[in-house]
Amino acid sequence: MDITLMRTFLEVAASGSFVHSADKLFVTQSAVSLRIRRLEEQLGHALFTRSKAGAELTPEGEAFSAYALSLVKIWEEARQQIGVPEGFTKAITIGAEHSLWARCGFRWIDEMQARTPSLSIRAELGAPDRLTRFLIEGVIQAALTYLPQIRPGIRVEKLFEEDLVLVAGWPAPDLTDMDGRYVMVDWGPEFVQAHAIDLPDLRSGKTLALGALATDFVVSRGLAAYLPARTAAPYLAAGQLHLVPDAPIFPYAIWLVWREDMDDEIKQCARAALTKVVARAVSVQEDVVEELERASDDEIEILGQVDEE
């Protein structure tokens, strides 16, 4: 059977929509419909009930789901094992969101290869939905994300709280006077809500839903924005960015998501390597937060924190 048909079936089953599946698979809706029709013809049963509301699995489709997932997973395992380069004994494929590659993902790779030189490593980039789909299908074995999704056979654990701090591209910045130079970096609905409540006067005509990718934009234009402390650290040291005294901090959790059926030896290597990377990241972050506390007159508030009575 064509693995592409299996992947398309699983995507439609997950999203409940031919239209949404087409967007995620980067094909036309007619291509998705054709693939599902071909699969149904091969199996001799309708797999979805189509309606204006979307696509719902038939009893036959429900029964086929587990087999489709197994077929894709076996295919991925075979493809990765056969593709292990000469001189390497095992392989792992990891994924991460864009903002998590520079100061976590790449260092994770370095640590794993230092610990196990015979381990072949492949890296994937993706948004949370894409990474989750890759995990389910066995394309990747572990991933770093800000927005984990719980699925059967997938383990989720918090690594640490990423501290987002307000920084500016000019010396001696003042929280009460951003002078139209503030850029809103959209770190998700929780951040946006907390920002609106705690910093109602800090507005911007520019919103960048780009995560840490917004750093270069902010630095090169001498602007101000909320960025991860560990990402801002080298720019702070170089004098290209400056902490804004008394500005609240927003904690943003980073999660490790991994397949429960990972090879034990590879899992131990990956987890040990990531533990070292996280310890280093937390240390850098703590130094930045301590610097902010020293520069501030008042105790630093935490955005989104609920007071307990």
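Residues numbered from 1 in each chain as written. Predicted model: local features only at pLDDT ≥ 70, side-chain atom pairs only at ≥ 80, totals over all residues. Heavy atoms only, no water.

S.K.: Whenever I open this one, the overall build of the protein chain confuses me. Can you help?
M.R.: For the protein chain, the count of helices and strands is 10 helices and 11 strands. With respect to the three principal axes, the spread of C-alpha positions in the protein chain is 70 × 50 × 45 Å. Counting over 309 residues, the protein chain shows a buried share of 46%. A sequence separation of at least 24 residues applies to 73% of the contacts in the protein chain between residues at least 6 apart. Separation between the mean location of the 30 positive side-chain charges and that of the 47 negative ones in the protein chain comes to 9 Å. (Helix = DSSP H or I, 4+ residues; strand = E, 2+ residues; numbered from the N terminus. Buried < 20%, exposed > 50% of the residue type's maximum accessible area, 1.4 Å probe, protein only. Contact = heavy atoms within 4.5 Å. Lys, Arg positive; Asp, Glu negative; His and termini not counted. Charge placed at Lys NZ, Arg CZ, Asp CG, Glu CD.)

S.K.: I would appreciate a short explanation of empty space enclosed by the protein in the present structure.
M.R.: A probe as big as a water molecule, rolled over the atoms, marks out the empty space that is left. Enumeration over the complete set of coordinates arrives at two cavities of 30 Å³ or more. Size it by volume and the largest cavity reaches roughly 50 Å³. Elements with a contribution of two residues or more to the lining of the largest cavity: α6 (128-137) and β5 (142-145). For the lining of the largest cavity, the element with the most residues is α6, which contributes four residues. Class assignment for the residues of the lining of the largest cavity results in seven nonpolar, three polar and no charged. Space inside the second largest cavity adds up to approximately 30 Å³. The element contributing the most residues to the lining of the second largest cavity is helix α10 (residues 264-295), with three residues. Tallied by class, the residues present in the lining of the second largest cavity amount to six nonpolar, no polar and two charged. (1 Å grid on protein atoms, 1.4 Å probe; cavity = no way out; pocket = protein on both sides within 12 Å on 5 of 7 lines; lining within 4 Å. Points joined across faces, edges and corners; volume = space filled by probe spheres on them. Nonpolar A, V, L, I, M, F, W, Y, C, P; charged D, E, K, R; others polar.)

S.K.: Explain the state of the cysteines to me, please; I cannot follow it from the model alone.
M.R.: One covalent bond between the sulfur atoms of two cysteine residues makes up a disulfide. Applying the stated criterion to the full structure yields zero disulfides. Free of any disulfide, C104 has its nearest cysteine sulfur in C269, 16 Å distant. Overall, C104 belongs to the buried group, its relative accessible area being 3%. (Disulfide = S-S within 2.5 Å.)

S.K.: Looking at this structure, how should I read the confidence of the model for the protein chain?
M.R.: A low pLDDT means the predicted coordinates there should not be read in detail. Counting all residues, the mean pLDDT for the protein chain is 90, and 97% of those residues have values of 70 or more. Of all secondary-structure elements in the protein chain, the lowest mean pLDDT belongs to helix α4 (residues 59-82), at 82, while strand β10 (residues 242-243) reaches the highest, 97. (pLDDT = per-residue confidence, 0-100.)

S.K.: Just checking my understanding: could you explain the nonpolar core for this structure?
M.R.: Looking at soluble globular proteins, one finds that nonpolar side chains tend to be buried together. Ranked by internal contacts, the top residues of the largest apolar core, which has 68 residues, are W108, M112, W187, Y226 and L241. Each residue touching W187, except ones within four places of it in the same chain, is listed here: S99, Y146, L164, G211, A212, Y226, L227, P228 and Y252. Ranked by size, the runner-up nonpolar core spans 19 residues in total, among them I3, L10, F18 and L39. (Core = buried A, V, L, I, M, F, W, Y, C linked by side-chain atoms within 4.5 Å.)

S.K.: Explain the environment of L147 here, please?
M.R.: Inspection of the secondary structure assignment puts L147 in the loop between β5 and β6 (154-168). As for L147 and A253, which are separated by 106 residues in sequence, their C-alpha atoms are 8.5 Å apart. Discounting residues that sit within four places of it in the chain, L147 has contacts with E97 and P128.

S.K.: For this particular structure, what's the right way to read the packing of aromatic side chains?
M.R.: One pair of aromatic rings is described through two measures. These are the centre distance and the angle between the planes. Across all of its chains, the model carries 10 aromatic pairs by this definition. Between the aromatic rings of F9 and F64, the centroid separation amounts to 5.1 Å while the plane-to-plane angle is 65°, which identifies the pairing as edge-to-face. With F9 in helix α1 (residues 3-15) and F64 in helix α4, this pair connects stretches of sequence that are 55 residues apart. (Phe/Tyr/Trp six-rings, centres within 6.5 Å; stacked < 30°, edge-to-face > 60°.)

S.K.: I keep staring at the packing of α1 against helix α3 (residues 29-43) and nothing clicks. Help me out?
M.R.: Between α1 and α3, the least distance of the axes is 9 Å, while the angle of their chain directions is 110°. Between α1 and α3, the crossing angle belongs to the class labelled roughly perpendicular. Contact with α1, carried on its side by T4, L5, M6, T8, F9 and V12, involves V32, R35, I36, R38, L39 and Q42 of α3 and no other residues of that element. (Axes fitted to C-alpha atoms, helices over the stretch in contact; angles between N-to-C directions. Parallel < 35°, antiparallel > 145°, perpendicular 65-115°, else oblique.)

S.K.: Help me understand the pairing of β6 in this model?
M.R.: Looking down a regular strand, the side chains alternate between one sheet face and the other. Where β6 and strand β11 (residues 250-259) come together, 10 bridges link them in antiparallel fashion. From the neighbouring strand, E162 faces β11, where its bridge partner is Y252. As defined by bridge partners, β6 adjoins strand β9 (residues 224-228) across five bridges and the pair is classed as antiparallel. When the bridges of β9 are listed, V167 appears paired with A225. (Pairing = 2+ DSSP bridges.)

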